[in-house]
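# Commentary on secondary and tertiary structure
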Amino acid sequence: MRKLSQVAAESTQRTATGMPELDRVLGGGLVQGSVVLIGGDPGIGKSTLLIQALASLSDRLPSLYVSGEESAEQISLRAQRLGLPAERLELLTETCVERILQIAGKAGVGQDGARILVLDSIQTFYSEQLSSAPGSVSQVRESAAQLVRFAKQTGTSLFLVGHVTKEGALAGPRVLEHMVDTVLYFEGEAGSQFRLVRAIKNRFGAVNELGVFAMTDKGLKEIANPSAIFLSRHDAEVSGSAILVTREGTRPLLVEVQALVDQSPLANPRRVALGLEQNRLSMLLAVLHRHGGIGLFDQDVYLNVVGGVRISETAADLPVLLAVLSSFRDRPLPQGLAAFGEVGLAGEIRPVPNGQERLREAVKHGFTRVILPKSNAPKSAPDGVQVIAVSRLSEALDAL
Ligand code: TYD
Ligand code: MG
């Protein structure tokens, strides 16, 4: 037992992975001895991301890539095709956890053992201590428990790849998420070349942080200015489109939301939201009726966030309603308009965190008019931008 004050608060040791966007979602680099779980649909790029990161890391630290899915030839072929430096990277195809840990303990330089270990994927491994099949809940839990213990005892950093089920949850027990330090998730639209990696849990960084990549024929490439990809530049003004300034993790992003409001043939009109919470949409439509006087009971409402990004923060409320209204009236919003703000049940527009930073991001990308909550308004507006500060939903509607 020790007093908290006596525990040396040594700052966590972080290693750059050679991929700044990955470092960003990790909270500023890979923490020594941390366990990172990476989930995502099959074929989305989990193995590609890790082989790229590991090739770069193996330059500086002993690294071992353990695959229970692909043959050594397949992995080597991919690394060659990506032109990765692979002289120092150790490869192992093995599915028994006890043997993996034994080998990992010996691999690498001197007594240190492997400092970085990638396990692809956790569902393929099994422990000799159990008789159930690999991939079963008890095997996944036991394998992960042994691996986490190894990481904490030896200070080895661990990446675990996890498959997801059709419903989008990590396959295997939820307990996996509790055992690890960081959970990263691949998001993105099927068919799109963009890949988003989001931190949904992080003991060493901001949750909801987003890393943005593009899948190319040379592997994953980083997108340094992601705002550009979430805006579809329309040639002419279109109705039903609004630009919102969101702040996922620690950086602001400009994202387009599109709404389609159409006469419904159904007794219960449809409300469909992609990239946003469905219940939130229903709630916002109720507020629009009560406090904006616009009822959409006989209309289907479809909502989509461009680029496959999922927005979980309330700053999207106001732009969502602007997009819905624009589609309903079939009147495009003014060009150069961006918005953010939470809408309350009483029809009030509530402030959101980091208003100034969001405003700056909009200005940086050439937006000339920004609708925002009154409490987020700056004392003096930046040059060349008209700031429309509103405290009620009705004021925002009047402003258009
Ligand atoms: P992969 O990393 O194997 O996915 P996961 O491990 O998540 O299942 O990614 C495979 C997909 O990525 C596959 O459909 C091909 C594509 N890809 C490229 O487009 N370019 C590349 O350079 C690589 C390596 C893969
Ligand atoms: Mg894979």
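What you are looking at is a predicted structure, and each value in this text was computed from that prediction instead of being measured.

## Let's talk about the site of ligand 1
- Neighbouring residues of ligand 1: 16 residues in total, closest G43, K46, S47, T48 and T216.
- Within the contact set of ligand 1, an oxygen atom lies 3.4 Å away from a backbone nitrogen or oxygen of I44.
- Contact distances for ligand 1 include 2.6 Å between an oxygen atom and a side-chain N or O atom of S47.
- Against a free-state accessible area of 560 Å², the protein chains account for coverage of 72% of ligand 1.
- Where the shell around ligand 1 is concerned, the elements lending two or more residues are α2 (46–57), α3 (72–81) and β10 (210–216).
- Top element by residues in the shell around ligand 1 is α2. It accounts for 3 residues.
- Within the shell around ligand 1, the residues separate by chemical class into 4 nonpolar, 6 polar and 6 charged.

## Description of helix α4 (residues 97–106)
- For α4, the set of buried residues is V97, E98, I100, L101 and A104. In a view along the axis of α4, the buried residues occupy a sector of 160 degrees, so they form one face of it. Exposed and oriented more than 90 degrees from the buried face of α4 are Q102 and K106.
- On its buried face, α4 is in contact with β4 (63–67), β5 (90–93), β6 (116–120) and α5 (137–154).

## Structural notes on the sheet that holds strand β20 (residues 386–390)
- Sheet architecture is open: 7 strands sit in the order β14-β15-β13-β12-β16-β19-β20, paired in mixed fashion. The open sheet is flanked by β14 (271–274) and β20, the only strands paired with a single partner. Averaged over all pairs of adjacent strands, the angle between their axes in this sheet comes to 25 degrees, without regard to strand direction.

## Observations concerning the nonpolar core
- Counting residues in hydrophobic clusters, the biggest one holds 48 residues, and the most contacted among them are L276, V324 and I371.
- Per-element tally for this core: the top contributor is helix α8 (residues 317–329), with 7 residues.
- Structurally, this core is a two-domain feature, drawing no fewer than three residues from each of domain 1 (10–224) and domain 2 (229–399).
- Excluding its chain neighbours within four sequence positions, the residues that come into contact with V324 are A259, V261, L285, L288, L296, V301 and L303.

## Considering the sheet that holds strand β3 (residues 35–40)
- As summarised here, the arrangement of the 9 strands in space is β5-β4-β6-β7-β3-β8-β9-β10-β11, forming an open sheet in which the pairing is mixed. Where the open sheet ends on each side, the last strands, each with one partner, are β5 and β11 (219–222). Across the sheet, the mean angle separating the axes of adjacent strands is 25 degrees when strand polarity is ignored.
- As paired elements, strand β8 (residues 182–187) and strand β9 (residues 194–202) share 6 bridges and run antiparallel to each other. Residue pairing for β9: L184 is matched across the bridge by A199.

## Quick look at the layout of surface pockets
- Considered as a void within the structure, the second largest pocket measures approximately 380 Å³ in volume.
- Lining the second largest pocket we find 20 residues, and of these H234, I243, Q335, G336 and F367 sit closest to its centre.
- At 3 residues, the largest contribution of residues to the lining of the second largest pocket is made by strand β12 (residues 241–248).

## Thoughts on the packing of helix α7 (residues 278–292) against α8
- Two elements in contact, α7 and α8, have axes whose closest approach is 10 Å; the angle formed by their N-to-C orientations is 70 degrees. Regarding the angle of α7 to α8, the classification is roughly perpendicular. Crossing angle aside, the handedness with which α7 passes α8 is right-handed. Judged by residue contacts, R280, L281, L284, L285 and L288 of α7 engage D317, V320, L321 and V324 from α8.

## Concerning the packing of α4 against α5
- In contact at an axis separation of 10 Å, α4 and α5 are set at 15 degrees when each is read in the N-to-C sense. Taken together, the axes of α4 and α5 lie roughly parallel to each other. α4 and α5 meet at a crossing whose hand is right-handed. Contacts between α4 and α5 involve V97, E98, L101, A104 and G105 from the first element and S143, Q146, L147 and F150 from the second.
- Class assignment of the residues belonging to the contact of α4 with α5 gives a composition of 5 nonpolar, 3 polar and 1 charged.

## Comments concerning the domain arrangement of the protein
- According to the domain assignment, the protein contains domain 1 (10–224) and domain 2 (229–399).
- Put simply, the middle of domain 1 and the middle of domain 2, counted by C-alpha atoms, are 37 Å apart.
- Summing the contributions of domain 1 and of domain 2, the shared interface buries around 1200 Å²; its carbon and sulfur component is 49%.
- Taken together, domain 1 and domain 2 are joined by 2 salt bridges.
- We note a salt bridge from R251 to E21, for which the minimum N-O separation is 2.9 Å.

## Here we look at the pairing of strand β13 (residues 251–263)
- Bridge count for β12 against β13 is 8 bridges, and the pairing is antiparallel. Across the sheet, residue A242 finds its bridge partner in β13, namely V257.
- Sheet topology places β13 next to strand β15 (residues 299–305); 7 bridges connect them, and they run antiparallel. If you follow Q263 over to β15, its bridge partner there is Q299.

About the thresholds
Residues take numbers from 1 onward in each chain, read along the sequence in its written order. All chains are assigned letters beginning at A, and all ligands numbers beginning at 1, according to the order in which they are written. Given that the model is predicted, a residue must reach a pLDDT of at least 70 before its local features are reported, and side-chain atom pairs must reach 80 or more before they are shown or counted; all residues, however, enter totals for whole chains, interfaces and linings. In computing side-chain properties, one takes all heavy atoms of the structure into account and sets aside hydrogens as well as water. It suffices for a single heavy atom of a residue to lie within 4 Å of a molecule or strand for the residue to be listed as near it. Between N or O atoms, a polar contact is any pair within 3.5 Å; within protein, one atom must be a potential hydrogen donor and the other a potential acceptor, and residues adjacent in sequence are included only when both atoms are from side chains. Here the open area of atoms and residues is found with the Shrake-Rupley method and a 1.4 Å probe, where only the protein chains shown may cover a residue. Note on conventions: DSSP H or I runs of at least 4 residues are helices, E runs of at least 2 residues are strands, and numbering of each starts at the N terminus. The classification used treats Ala, Val, Leu, Ile, Met, Phe, Trp, Tyr, Cys and Pro as nonpolar, Asp, Glu, Lys and Arg as charged, and all other residues, Gly among them, as polar. For every residue, the accessible area obtained with a 1.4 Å probe (protein chains only) is divided by the maximum for its type, and the residue is called buried under 20%, exposed over 50%, and partly exposed between those limits. The arc under discussion is defined with respect to the helix axis, by the directions toward the C-beta atoms. What makes two residues a contact is simply this: any of their non-hydrogen atoms within 4.5 Å. DSSP bridges decide pairing: two strands pair if at least two such bridges lie between them. Only the contacting stretch of a helix is used when fitting its axis, a line to C-alpha atoms as for every element, and angles between N-to-C directions run 0 to 180 degrees. Throughout this description, the term nonpolar core refers to a set of buried Ala, Val, Leu, Ile, Met, Phe, Trp, Tyr and Cys residues connected via side-chain atoms within 4.5 Å. Domain delimitation in this document rests on an assignment produced automatically or drawn from a domain database. The definitions used throughout rest on a 1 Å grid laid over the protein atoms alone, on which a cavity is an enclosed set of points accommodating a 1.4 Å probe that cannot get out and a pocket is an open set flanked by protein within 12 Å on both sides along at least five of seven lines; lining residues are those having an atom within 4 Å of a point. Grid points are joined across faces, edges and corners, and a volume is the space filled by probe spheres set on the points. Orientation is classified from the angle alone, with under 35 degrees giving roughly parallel, over 145 giving roughly antiparallel, 65 to 115 giving roughly perpendicular, and any other angle giving oblique. Each crossing is labelled by how the near helix is turned from the far one, with a counterclockwise turn of less than a right angle marking it left-handed and a clockwise turn marking it right-handed. Here's the idea: put two parts together, see how much 1.4 Å probe accessible area each one loses, and the total over both is what we call buried area. For this document, the term salt bridge refers to a Lys or Arg side-chain nitrogen within 4 Å of an Asp or Glu carboxyl oxygen.

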